Amino acid sequence: MKRTTEIFIGMRSLFRLYDKLSLIHISEPTRLQLIFIGMRSLFRLYDKLLKKVCMEHDLTMIEADIISFLQNNPGKDTAADIVELRLLSKGAVSKGVESLIQKSLLERIPDTEDRRKIHLRLKPQAGPVTEMVNEVRDEFLETVLDGFTKEELETQDRFLKKLFDNTKKAMEGREWS
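So, here is what we can say about the structure in this document. (Residues numbered from 1 in each chain as written. Predicted model: local features only at pLDDT ≥ 70, side-chain atom pairs only at ≥ 80, totals over all residues. Heavy atoms only, no water.)

Quick look at helix α6 (residues 127-144)
Phase 1: A rise of 1.5 Å per residue sets the reference length of α6, with its 18 residues, at 26 Å; its end C-alpha atoms lie 26 Å apart and thus fit the reference within 8%.
Phase 2: Here α6 has its buried residues at V129, T130, M132, V133, V136, R137, F140 and L141. (Helix = DSSP H or I, 4+ residues; strand = E, 2+ residues; numbered from the N terminus. Expected span 1.5 Å × (residues − 1). Buried < 20%, exposed > 50% of the residue type's maximum accessible area, 1.4 Å probe, protein only.)

A short note on the side chain of E63
Phase 1: Along the chain, E63 falls in helix α3 (residues 61-72).
Phase 2: The buried category is assigned to E63, whose relative accessible area is 3%.
Phase 3: Within the local environment of E63, its side chain forms a polar contact with the side chain of K103, the two groups lying 2.9 Å apart.
Phase 4: Ignoring anything within four residues of it in the chain, the contact list for E63 reads D58, G96, S99, L100 and K103. (Polar contact = N/O pair within 3.5 Å; in protein donor to acceptor, adjacent residues only side chain to side chain. Contact = heavy atoms within 4.5 Å.)

Looking at helix α4 (residues 79-86)
Phase 1: Taken as a whole, α4 has its buried residues at D81, I82, V83, L85 and R86.
Phase 2: Taken from the residues just after α4, L87 is the one with a positive phi, measuring 60°.

Structural data, given as C-alpha coordinates:
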(Lines give C-alpha, C1' and ligand atoms only; values in the text may rest on other atoms or scores of the structure.)
Protein backbone atom coordinates (compact mmCIF):
# COMPACT_ATOMS: atom_id res chain seq x y z
CA MET A 1 0.00 0.00 0.00
CA LYS A 2 2.82 2.42 0.84
CA ARG A 3 4.40 2.09 -2.62
CA THR A 4 1.10 2.94 -4.38
CA THR A 5 0.44 5.93 -2.14
CA GLU A 6 3.94 7.34 -2.64
CA ILE A 7 3.72 6.88 -6.40
CA PHE A 8 0.38 8.67 -6.69
CA ILE A 9 1.46 11.52 -4.40
CA GLY A 10 4.74 11.99 -6.25
CA MET A 11 2.96 12.10 -9.59
CA ARG A 12 1.17 15.30 -8.56
CA SER A 13 4.38 17.31 -8.57
CA LEU A 14 5.63 15.59 -11.67
CA PHE A 15 2.41 16.40 -13.57
CA ARG A 16 2.65 20.05 -12.56
CA LEU A 17 6.25 20.30 -13.68
CA TYR A 18 5.42 18.50 -16.91
CA ASP A 19 2.59 20.96 -17.58
CA LYS A 20 5.08 23.81 -17.26
CA LEU A 21 7.59 22.10 -19.54
CA SER A 22 5.00 21.05 -22.12
CA LEU A 23 4.89 24.64 -23.32
CA ILE A 24 8.24 23.86 -24.95
CA HIS A 25 7.93 22.05 -28.30
CA ILE A 26 10.13 18.97 -28.53
CA SER A 27 10.06 16.86 -31.72
CA GLU A 28 11.46 13.67 -30.16
CA PRO A 29 9.74 12.23 -27.03
CA THR A 30 11.92 12.83 -24.00
CA ARG A 31 12.42 10.46 -21.10
CA LEU A 32 10.16 12.73 -19.00
CA GLN A 33 7.42 12.61 -21.62
CA LEU A 34 7.62 8.82 -21.74
CA ILE A 35 7.38 8.66 -17.95
CA PHE A 36 4.40 11.02 -18.04
CA ILE A 37 2.63 8.95 -20.71
CA GLY A 38 3.30 5.76 -18.74
CA MET A 39 1.94 7.28 -15.53
CA ARG A 40 -1.19 8.46 -17.34
CA SER A 41 -1.68 4.84 -18.44
CA LEU A 42 -1.30 3.72 -14.81
CA PHE A 43 -4.04 6.16 -13.80
CA ARG A 44 -6.31 4.92 -16.58
CA LEU A 45 -5.80 1.29 -15.56
CA TYR A 46 -6.52 2.08 -11.91
CA ASP A 47 -9.67 3.99 -12.92
CA LYS A 48 -10.77 1.07 -15.10
CA LEU A 49 -10.37 -1.32 -12.17
CA LEU A 50 -12.08 1.12 -9.79
CA LYS A 51 -15.15 1.13 -12.06
CA LYS A 52 -15.90 -2.37 -10.72
CA VAL A 53 -16.32 -0.81 -7.27
CA CYS A 54 -18.62 1.84 -8.73
CA MET A 55 -20.87 -0.66 -10.46
CA GLU A 56 -21.03 -3.01 -7.47
CA HIS A 57 -21.81 -0.28 -4.92
CA ASP A 58 -23.69 2.30 -7.04
CA LEU A 59 -21.01 4.98 -6.75
CA THR A 60 -19.67 7.60 -9.11
CA MET A 61 -15.98 7.51 -10.03
CA ILE A 62 -15.38 10.57 -7.84
CA GLU A 63 -17.09 8.90 -4.86
CA ALA A 64 -15.04 5.73 -5.33
CA ASP A 65 -11.88 7.81 -5.71
CA ILE A 66 -12.63 9.67 -2.46
CA ILE A 67 -13.20 6.39 -0.59
CA SER A 68 -10.04 4.91 -2.12
CA PHE A 69 -8.03 7.99 -1.16
CA LEU A 70 -9.25 8.02 2.45
CA GLN A 71 -8.69 4.26 2.74
CA ASN A 72 -5.14 4.41 1.39
CA ASN A 73 -3.84 7.68 2.87
CA PRO A 74 -4.02 7.74 6.66
CA GLY A 75 -3.47 11.25 7.98
CA LYS A 76 -4.58 12.84 4.70
CA ASP A 77 -8.25 13.20 5.51
CA THR A 78 -9.54 16.58 4.38
CA ALA A 79 -11.23 17.58 1.15
CA ALA A 80 -8.24 19.85 0.48
CA ASP A 81 -5.92 16.83 0.75
CA ILE A 82 -8.02 14.96 -1.80
CA VAL A 83 -8.04 17.94 -4.19
CA GLU A 84 -4.29 18.46 -3.84
CA LEU A 85 -3.11 14.87 -4.06
CA ARG A 86 -5.64 13.34 -6.46
CA LEU A 87 -5.72 16.34 -8.81
CA LEU A 88 -9.51 16.59 -8.63
CA SER A 89 -11.50 19.82 -8.72
CA LYS A 90 -12.80 21.34 -5.49
CA GLY A 91 -16.35 21.23 -6.86
CA ALA A 92 -16.17 17.54 -7.77
CA VAL A 93 -14.72 16.61 -4.37
CA SER A 94 -17.30 18.72 -2.53
CA LYS A 95 -20.16 17.13 -4.46
CA GLY A 96 -18.71 13.63 -3.95
CA VAL A 97 -18.20 14.16 -0.22
CA GLU A 98 -21.76 15.42 0.19
CA SER A 99 -23.13 12.44 -1.73
CA LEU A 100 -21.13 9.97 0.37
CA ILE A 101 -22.43 11.62 3.54
CA GLN A 102 -26.00 11.27 2.22
CA LYS A 103 -25.28 7.58 1.50
CA SER A 104 -24.05 7.18 5.12
CA LEU A 105 -20.58 6.10 4.00
CA LEU A 106 -18.70 9.17 5.21
CA GLU A 107 -18.84 11.65 8.06
CA ARG A 108 -17.34 15.06 8.80
CA ILE A 109 -15.31 15.52 11.98
CA PRO A 110 -14.38 19.08 13.05
CA ASP A 111 -10.70 19.60 13.90
CA THR A 112 -10.17 20.05 17.64
CA GLU A 113 -7.58 22.81 17.18
CA ASP A 114 -8.70 24.61 14.03
CA ARG A 115 -12.46 24.89 13.64
CA ARG A 116 -12.07 25.85 9.97
CA LYS A 117 -10.59 22.44 9.23
CA ILE A 118 -12.93 19.49 8.68
CA HIS A 119 -11.67 15.91 8.65
CA LEU A 120 -13.41 13.19 6.68
CA ARG A 121 -13.82 9.71 8.10
CA LEU A 122 -15.21 6.60 6.49
CA LYS A 123 -18.12 5.13 8.43
CA PRO A 124 -18.39 1.40 9.23
CA GLN A 125 -21.04 1.12 6.49
CA ALA A 126 -18.25 1.78 3.97
CA GLY A 127 -16.60 -1.52 4.95
CA PRO A 128 -17.77 -3.54 1.92
CA VAL A 129 -16.64 -0.72 -0.38
CA THR A 130 -13.21 -0.41 1.25
CA GLU A 131 -12.75 -4.19 1.07
CA MET A 132 -13.39 -4.07 -2.67
CA VAL A 133 -11.10 -1.03 -3.03
CA ASN A 134 -8.35 -3.08 -1.35
CA GLU A 135 -9.00 -5.95 -3.78
CA VAL A 136 -8.78 -3.50 -6.71
CA ARG A 137 -5.55 -2.01 -5.36
CA ASP A 138 -4.06 -5.50 -4.96
CA GLU A 139 -5.12 -6.45 -8.50
CA PHE A 140 -3.65 -3.20 -9.82
CA LEU A 141 -0.30 -3.77 -8.10
CA GLU A 142 -0.20 -7.42 -9.11
CA THR A 143 -0.83 -6.43 -12.73
CA VAL A 144 1.62 -3.54 -13.05
CA LEU A 145 4.40 -5.13 -10.99
CA ASP A 146 4.14 -8.56 -12.64
CA GLY A 147 7.54 -9.96 -13.58
CA PHE A 148 9.64 -7.52 -11.56
CA THR A 149 12.30 -8.94 -9.27
CA LYS A 150 12.74 -7.66 -5.73
CA GLU A 151 15.92 -5.88 -6.83
CA GLU A 152 14.13 -4.21 -9.74
CA LEU A 153 11.38 -2.99 -7.42
CA GLU A 154 13.96 -1.58 -5.00
CA THR A 155 15.70 0.19 -7.89
CA GLN A 156 12.35 1.54 -9.07
CA ASP A 157 11.56 2.81 -5.58
CA ARG A 158 14.91 4.64 -5.38
CA PHE A 159 14.44 6.07 -8.88
CA LEU A 160 10.92 7.31 -8.21
CA LYS A 161 11.87 8.76 -4.83
CA LYS A 162 14.70 10.74 -6.42
CA LEU A 163 12.53 11.77 -9.36
CA PHE A 164 9.70 12.97 -7.10
CA ASP A 165 12.07 14.69 -4.64
CA ASN A 166 13.78 16.54 -7.50
CA THR A 167 10.41 17.51 -8.96
CA LYS A 168 9.14 18.78 -5.61
CA LYS A 169 12.31 20.85 -5.10
CA ALA A 170 11.98 22.30 -8.60
CA MET A 171 8.34 23.23 -8.00
CA GLU A 172 9.13 24.87 -4.64
CA GLY A 173 12.19 26.75 -5.87
CA ARG A 174 10.78 28.32 -9.00
CA GLU A 175 8.30 31.03 -9.82
CA TRP A 176 6.06 29.91 -12.65
CA SER A 177 3.97 32.40 -14.57
